[in-house]
Amino acid sequence: MEKLTAAQLAGDIIVDDQCSGCNACLAGCPVAKKGGRSIQAIAGSRACINCGACLSACPAQAIDYQDDTERFFQDLQKGVPISLLTAPAVPQHFPEYLQLFGLLRQLGVRSFHRVGLRADITLWAYVEVLRKNPHSGFIASPCAAVSRYIHQHMPLLRTQLMPVYSPLLCTAIYLKKYKGLKERLAFLSPCVAKRGEMRATAEPMVSYNITIAKLKNYLADHNISFASYAPVNYADAGIGRGKTLESYGGVSECIRPHIPHGHFIKIAGTDQAYPYLAAYAEQVKKGGKLPTLIEIYNCANGCNTGTGTGVIPDGNNRILTGELPAVIAKRSDEIARNAAAQILFRRFDRKLDLLDFISAEIDLSKINEVVRMQQILPIEDNGTVLDITYQNMVNYHGRSYIAGVAMAFKLLQRCLNSFAESNIASRDKFSILLGVNGPGIIDGLEMATRVKSQGRLRVDQQAVQDKDAPDAADGKGGKYYFEVTHGERKIILTLKHGLLPAEFIELAYQSHTGLLTDRDAQRLQQLKEEIAVFLMGTAAEDLFHVS
């Protein structure tokens, strides 16, 4: 289970005492629109998503951001071994970037690597996940501001985030595990929000976010010129261009040739991205067929003029948004490009472990397993957010009553959809009445909410005898009836009739009599495993009646 500290959850926007309180900065702030708060209350807090909309809006230039440029140079001076990853935007902002690398090599940087090249791994992983889940409505993960917005403000969409690390983090994983890099990694970046992405992993893979604008300022402030330095090339220069993002340009454009009948949507800009996410959350709630992939970006003109570049886009080169047609390559150059990516992906199949690049523990052997395992319960405990997964619950309880564990997870998921549409539920505010004495359910609820150990759980089969709920398999006359209270809010949930196979109920009852044969016991465990897969692959709204 991943625990995020207050520092990791805080934003990187800074407001100084020149702020006059005119609130011009709030006009484009997606967080202010949700809560009506001041910029001082948002900046530097967990609420801030580092979208940067406020940076260019302040007439007093009272708003800035922090990155790791100063610390990067300080650590180089201390002799800390560091290698540098670079964004595709770097050549645009540093035309003589090889001379810049010459300077940085002189200062101690060990090697230089392109994130655009290793983005091929990210796109390979995307294709593998999407082939098994063609209409799961995943939201692409490269944009750190969008991902943070979903994590902090739209927990209902967290399960829709593509469970593949961003190109930056996939690059870091590849270099450390497969190429044996031992030194720290820094990222020369166009994005303010990437710092939060780096800090949100359980074990930091990248240690420094050096934004293009702050690096330029540092060089200017210290009167450093790199024009006379001998060029130093990328360590991977001999490999040539990448076969996906470095050749196509966009995530959806890279994937469409491999999933030609997919439904792809691209959205960009703070004015479009965040209202779209609100509408999409409603679509997810209603159910039905979802698109293959939603590629969504905070910056309207793309990453090359991102929030950390110091460039204010003029609006003339805005990314085209909307539904992308399912174009199949016809020109000879497109066919050759697609074939090159296919060959590379097959090599990845042989050489790489897909699970290394997946941001949740999953088993790709079953359809929809990616969706099942990526689901999380965001629950706050003493100021930190616990991203509780189904696997966390299984690890806590074991597999003896795994169907009950899955039911506990989906029960809480359904409750969070009602209790916390824009906030994260607090662990110590739950109290629960159970109409079933099921060890798996109890352990699952205890692991997530601590209701049993803290005396906030009541199991009472007698109290639910007159309730319209399916009979439970606990052998004690219980029913699948639940009352869940969070603070002052209370909802009543009953499992829908007909979801559990009659064979399971019959064998479960026999297990309580001690008359179950070994063969029947094996069959009962198999049914528990199958029910768990079914429950985790089904929307919580389709499992429970709520009143």
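Values in this document were obtained by computation on a predicted structure and should not be read as measured data. (Residues numbered from 1 in each chain as written. Predicted model: local features only at pLDDT ≥ 70, side-chain atom pairs only at ≥ 80, totals over all residues. Heavy atoms only, no water.)

Caption draft 1: Just the sheet that holds strand β7 (residues 184–189), in detail. Read from one edge of the open sheet, 4 strands run β5-β4-β7-β8, paired in parallel fashion. Unpaired on one side and paired on the other, β5 (109–114) and β8 (208–211) mark the two borders of the sheet. Within the sheet, the average angular offset between the axes of one strand and its neighbour, ignoring direction, is 25 degrees. Note that strand β4 (residues 82–86) and β7 share 5 bridges and pair parallel. Across the sheet, residue Leu-84 finds its bridge partner in β7, namely Ala-186. Packing against the sheet, helix α4 (residues 69–77) makes contact with β4, β5, β7 and β8, and its axis sits at approximately 115 degrees to β8. (Pairing = 2+ DSSP bridges. Helix = DSSP H or I, 4+ residues; strand = E, 2+ residues; numbered from the N terminus. Axes fitted to C-alpha atoms, helices over the stretch in contact; angles between N-to-C directions. Contact = heavy atoms within 4.5 Å.)

Caption draft 2: Highlighting the environment of Tyr-509. Along the chain, Tyr-509 falls in helix α19 (residues 502–511). Those residues in contact with Tyr-509 that sit more than four places away from it in its chain are Asp-471, Ala-472 and Gly-475.

Caption draft 3: Summary view of the nonpolar core. By size, the foremost hydrophobic cluster in this structure holds 88 residues, and its most contacted members are Trp-124, Ile-139, Val-206, Ile-255, Tyr-274, Leu-277 and Leu-293. Considering each element in turn, this core owes the most residues, 9 residues, to helix α7 (residues 115–132). Dropping the residues within four chain positions of it, Leu-293 is found in contact with Tyr-126, Leu-130, Phe-138, Ile-139, Ala-140, Met-162, Val-251, Ser-252, Ile-255, His-263, Phe-264 and Ile-265. Leu-386, Leu-416, Phe-430 and Ala-448 belong to the second-largest nonpolar core, a separate cluster that totals 53 residues. (Core = buried A, V, L, I, M, F, W, Y, C linked by side-chain atoms within 4.5 Å. Buried < 20%, exposed > 50% of the residue type's maximum accessible area, 1.4 Å probe, protein only.)

Caption draft 4: How the structure looks around the pairing of β4. When you tally the buried positions in β4, you get 5 out of 5 residues, the bulk of the element. In β4, alternate side chains face the same way, and those of Ile-82, Leu-84 and Thr-86 on one face and Ser-83 and Leu-85 on the other are all buried. By the bridge criterion, 4 bridges tie β4 to β5 in an arrangement that is parallel. Residue pairing across strands places Ile-82 opposite Val-109, the latter belonging to β5.

Caption draft 5: Representation of the packing of aromatic side chains. If you walk through the whole model with that rule in mind, you get 17 aromatic pairs. A ring pair is formed by Phe-101 and Phe-112, whose centres lie 4.4 Å apart and whose planes are at 10 degrees; its orientation type is stacked. In this pair, Phe-101 is assigned in helix α6 (residues 97–107) and Phe-112 in strand β5, connecting sequence segments 11 residues apart. For the pair Phe-101 and Phe-112, one class covers both residues: buried. The cationic tip of Lys-214 hangs over the ring face of Tyr-65; the distance from NZ or CZ to the ring centre is 4.6 Å. The ring of Tyr-401 has Lys-528 lying over it, and the distance from NZ or CZ to the ring centre is 4.2 Å. (Phe/Tyr/Trp six-rings, centres within 6.5 Å; stacked < 30°, edge-to-face > 60°. Lys NZ or Arg CZ within 6 Å of the ring centre and 35° of its normal.)

Caption draft 6: Spotlight on helix α11 (residues 212–221). Restricting attention to buried positions, one finds in α11 the residues Ile-212, Ala-213, Lys-214, Leu-215, Tyr-218 and Leu-219. If you follow the buried residues of α11, they end up packed against β3 (63–65), α4, α5 (90–93), α6, β7 and β8. Backbone geometry just after α11 places Asn-223 at a positive phi near 50 degrees.

Caption draft 7: Looking closely at the sheet that holds strand β16 (residues 457–459). Across the sheet, 5 strands lie side by side as β16-β15-β17-β18-β19; this open sheet has mixed pairing. Two strands lie at the open edges of the sheet, namely β16 and β19 (544–546), each paired on one side alone. Ignoring strand direction, the axes of neighbouring strands in this sheet form an average angle of 20 degrees. Pairing geometry for strand β17 (residues 481–486) and strand β18 (residues 489–495), over 6 bridges, is antiparallel. When the sheet's bridge partners are listed, Phe-482 is paired in β18 with Leu-493.

Caption draft 8: Representation of the pattern of salt bridges within the structure. Applying the stated criterion to the full structure yields 21 salt bridges. Here the salt bridges do not stand alone but share partners, grouping Asp-12, Asp-68, Arg-71, Arg-195 and Arg-199 into one network. (Salt bridge = Lys/Arg side-chain N within 4 Å of Asp/Glu carboxyl O.)

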